[in-house]
Amino acid sequence: MSIRLNALLKSPWVFHVSTGSCNNCDIEVLDCLTPRFDIERFGMVLAPSIKHADVLLVTGSGNRKSMERVKKLYEQAPKPIVVVAIGECACSRGIFIHSYNCPVPLDKVIPVDVYIPGCPPKPEAIIAGVVKLIQKVKEKTKNNA
Amino acid sequence: MMYIVYLIVFGFILTTALGLIASWIDRKVTARVQYRVGPPFFQPFYDITKLLGKETVVPATASKGMFLISPVIGFAAATVASTILWMNQLKLGASFLGDIIVLLYLFTLPSLSIILGGVSSGNPLGRVGASREIKLVLSYELPFILCLLVPIIKSGYSIRLLQILNFQTNNSATALSFSGGLALLMLIPCIQAKLALVPFDIAEAETEIMAGPIIEYSGVSLAIYKLTKSILLFSLPFFIITLFLGGFNFVGFGILYSIIKYIVFLVIITVIRNTNPRVRIDHAMRFFWGPITIGSIIAVVLALLDL
């Protein structure tokens with residue numbers, strides 16, 4: 001594995017965007033930063049701006065207004081960037097699947113790497129999802145090499 | 001030719017490594033204060049390596065040349081400043097008349113580079129952050145310079161760093177007198193503001209204006225800003241220790257004593273940063289131009305009375 005990729009996996013800075021969620025998933029994301037879970041052990045920090053971020057956390061069902069913004073954010077982000085969909089709404093639009101305001105699912109707009117289901121997912125589930133993501137990236141590079 | 005070697009070995013490699021270790025200590029102490037485990041030892045090194053491998057995005061509204069050159073200005077100034085400090089400390093014979101004044105200017109340049117970067121990024125939040133940084137520089141520079149007058153007066157009006165060091169070796173450290181102790185006390189908030197740590201991180205307030213001047217920076221430019229910050233985290237306390245606490249000593253138990261001196265200074269800064277909320281810019285100005293300036297004027301008067 002290259003030094004560059006190794007360093008990326010050791011310090012993924014996360015940026016957190018809500019596309020019209022009920023705020024429950026956002027609270028669970030912030031729970032990961034609390035002393036009980038402390039994701040800074042793995043080098044994860046909440047980035048203040050998308051320009052600093054390596055991981056884009058998306059929560060919420062994705063309404064008409066916010067989907068444009070998510071697309072813009074993804075285009076502005078410095079590559080390589082990983083997208084994680086957190087919660088039932090971001091994974092599959094959840095109970096809003098027939099809503100007039102949620103026309104497209106998130107993964108039709110930007111490529112999603114990891115789906116973390118739950119309404120809301122527990123902080124343990126979020127951490128487990130990120131660990132799976134890191135393993136996935138490692139295996140992908142192993143197969144390519 | 002030798003000076004270029006010193007610049008690379010002491011100014012860049014040694015100071016960067018020590019600065020990154022210092023930023024790890026800062027993060028670890030912060031985590032322990034908050035009952036967390038904290039990041040592993042090599043975390044700052046991973047962060048910098050990762051940022052160097054990322055794409056650098058230049059916003060369409062930014063003025064491109066200024067945007068890319070301003071991090072380099074601050075980084076170069078910080079590196080040169082730490083080279084001068086190391087050469088005086090290790091007595092490599094590069095002390096010149098007025099090097100304290102040169103260092104004073106060099107330690108202001110990183111703040112100027114942040115202002116330039118914020119203004120040229122074309123982001124409104126970046127501009128707000130830059131204007132806050134200008135006000136902060138205006139407020140802390142006056143007491144900072146007044147406090148630095150104390151060791152100069154104490155050592156018989158010498159503006160040469162080596163002479164101040166030798167004076168402290170022959171007599172006692174500046175901080176052990178009334179005036180020196182008061183000046184050191186007044187300097188700690190100035191250091192806090194110069195390093196943009198929490199009571200005075202008004203310019204980079206992450207919760208209000210999302211990192212302010214460095215909001216648009218990514219990849220290599222952001223890595224340079226982070227490196228500048230960690231170099232300053234080492235070299236500013238180093239500068240203060242040289243002037244007030246008799247510098248470092250690398251013979252026998254002196255090494256242990258020097259490390260303890262630096263780490264105690266760093267932990268004091270970190271604990272202040274963790275136990276205080278962010279102040280507003282007008283509060284910061286009133287604080288620096290009020291009590292801190294008066295305190296440092298008293299320190300200068302005491303030094304003139306030879307106390």
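The structure under discussion appears in the preceding block.
All values derive from a computational prediction rather than experimental measurement.

Participant: Explain the overall build of chain B to me, and be specific about the residues and the numbers.
Facilitator: Secondary structure assignment for chain B yields 11 helices and zero strands. Along chain B, from the amino end to the carboxyl end, the secondary structure elements read α-α-α-α-α-α-α-α-α-α-α. Oriented by its inertia axes, the alpha-carbon framework of chain B measures out at about 55 × 45 × 40 Å. Of all 307 residues assigned to chain B, the portion counted as buried reaches 57%. The contacts of chain B with a sequence gap of at least 6 include a subset with a gap of at least 24, amounting to 80%.

Participant: Before we move on, can you summarise the packing of aromatic side chains with the specific residues and values?
Facilitator: Residue and element names in this part refer to chain B. Applying the stated criterion across every chain, the model contains 15 aromatic pairs over all chains. Aromatic pair Phe287 and Phe288: ring centres 5.6 Å apart, planes at 65°, arrangement edge-to-face. Take Phe287: its relative accessible area is 32%, and that puts it in the partly exposed class. In textbook terms, an aromatic cluster arises when at least three aromatic residues are bridged by ring pairs, as seen for Trp24, Phe41, Phe42 and Phe45. Between the NZ or CZ atom of Lys194 and the centre of the ring of Phe144, over which it lies, the distance is 4.7 Å.

Participant: Tell me about helix H5 (residues 124–154) of chain B, and name the residues and values.
Facilitator: All names here are of chain B. In this model H5 runs 46 Å from its N-terminal to its C-terminal C-alpha over 31 residues, within 8% of the 45 Å that 1.5 Å per residue would give. The axis of H5 is deflected most strongly, by about 30°, at Glu141, and proline Pro143 appears within four residues downstream. The distance from a side-chain oxygen at the start of H5 to the backbone nitrogen of Leu125 is 2.9 Å, and the residue carrying that oxygen is Asn123. One or two positions beyond H5, positive phi appears at Gly156, with a value near 75°.

Reading the values: the criteria
- Residues numbered from 1 in each chain as written.
- Chains lettered and ligands numbered in written order.
- Predicted model: local features only at pLDDT ≥ 70, side-chain atom pairs only at ≥ 80, totals over all residues.
- Heavy atoms only, no water.
- Helix = DSSP H or I, 4+ residues; strand = E, 2+ residues; numbered from the N terminus.
- Buried < 20%, exposed > 50% of the residue type's maximum accessible area, 1.4 Å probe, protein only.
- Contact = heavy atoms within 4.5 Å.
- Phe/Tyr/Trp six-rings, centres within 6.5 Å; stacked < 30°, edge-to-face > 60°.
- Lys NZ or Arg CZ within 6 Å of the ring centre and 35° of its normal.
- Expected span 1.5 Å × (residues − 1).
- Bend = angle between axes of the 7 residues up to and from the residue.
- Polar contact = N/O pair within 3.5 Å; in protein donor to acceptor, adjacent residues only side chain to side chain.

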